[in-house]
Amino acid sequence: MSRTLEIPGLDGRLALVTGGSRGIGRAAAVLLASAGARVGIAYRCAADEAEETLAQMRQAAAYSSHDPRRGPWAQAADLATESGVVALFARLDAEFGGRLDVFVGNAGIWNVLPRPLEQLDLDRWRQMIEANLTSVYLTTRAAASRMGESGRIVLVSSTAAQRGEAGHSHYAASKGAIQSFVKSLAVELGPRGITVNAVAPGWVDTDMTSDILSGEGREAIEREIPLGRVAIPRDIGGPVVFLASELAAHVTGEILNVNGGSVLCG
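Description of the structure in this document. (Residues numbered from 1 in each chain as written. Predicted model: local features only at pLDDT ≥ 70, side-chain atom pairs only at ≥ 80, totals over all residues. Heavy atoms only, no water.)

Another aspect to go through is the sheet that holds strand β6 (residues 195-201). Spatially, seven strands are ordered β3-β2-β1-β4-β5-β6-β7 in an open sheet, and the strand pairing comes out parallel. With one partner strand each, in any of the chains shown, β3 (73-76) and β7 (255-258) form the two edges of the open sheet. Neighbour-to-neighbour, the strand axes of this sheet turn through a mean angle of 15°, independent of strand direction. By the bridge criterion, four bridges tie strand β4 (residues 102-105) to strand β5 (residues 152-156) in an arrangement that is parallel. Each residue of the ladder has a partner; that of Val 102, found in β5, is Arg 152. Along the sheet, helix α3 (residues 82-96) makes contact with β1 (14-18), β2 (38-43) and β3, crossing β3 at roughly 160°. The sheet contacts of helix α4 (residues 122-144) involve β4 and β5, and relative to β5 the element is tilted by about 170°. (Pairing = 2+ DSSP bridges. Helix = DSSP H or I, 4+ residues; strand = E, 2+ residues; numbered from the N terminus. Axes fitted to C-alpha atoms, helices over the stretch in contact; angles between N-to-C directions. Contact = heavy atoms within 4.5 Å.)

Attention shifts here to the pattern of salt bridges. It is possible for side chains of opposite charge to pair when their charged atoms get near one another. Applying the stated rule across the entire model yields 13 salt bridges. Note that Glu 95 and Arg 91 form a salt bridge whose closest N and O atoms lie 3.0 Å from each other. One end of the pair, Glu 95, and the other, Arg 91, are both in helix α3, four residues apart, so they sit about a helical turn from each other. Its relative accessible area of 26% is what places Arg 91 among the partly exposed residues. Residues joined in a network through salt bridges with shared partners are Arg 13, Arg 99 and Asp 101. (Salt bridge = Lys/Arg side-chain N within 4 Å of Asp/Glu carboxyl O. Buried < 20%, exposed > 50% of the residue type's maximum accessible area, 1.4 Å probe, protein only.)

Following this line, the structure appears as structure tokens:
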């Protein structure tokens, strides 16, 4: 392949991005491919979008059509279940030979409609925790077991973890737990040469937020952002790739806030 983005330490690396069919995951996957990494993505059910991500990665990295084995790949999986994670990593082992250098844990959900505590039933709580936290635990555990020295784990959290989010306490709790998970694993995996960090986005213009980021809702949100705009997925993908690269070789246990200045907690 011919890389189009010069970032130290990513050329030839093997990377997996969950939630890679669109939004932040797609942006991170395409940037990693642009920097010379070979990338696999996991997605839940958006097969058409996953194919578009693969097409963008092939174009960005100039993957050779004569050697499809070196190209990007995609696997559908329910990452909140052990069986789904086993299937994903069986595919990864077949593609990468049991090795992994970079893991980006991005899969997750968010509910547009607020659910005050009194209306937050146990099923909704469990759904959020399983999709946003259990999936991260299962996939990170599997990823770390395949990493050698200089492995990179980057998880996606949220500003909701830092400031809370009324009506979305289950979402904020799941993302806050990810940050504690990151700090714990940074100490645990550091002696093996593996770094563990998180990116905490604010508002990002994706399919998940499209309903609320329309009309007056968007204008009200942007008034609270010092940089004056909602992020696009590439704004988050760039910091993810930075943390996966040699530029961040001595950074671990950190939460990199990417929110346009809306939450100053670094």
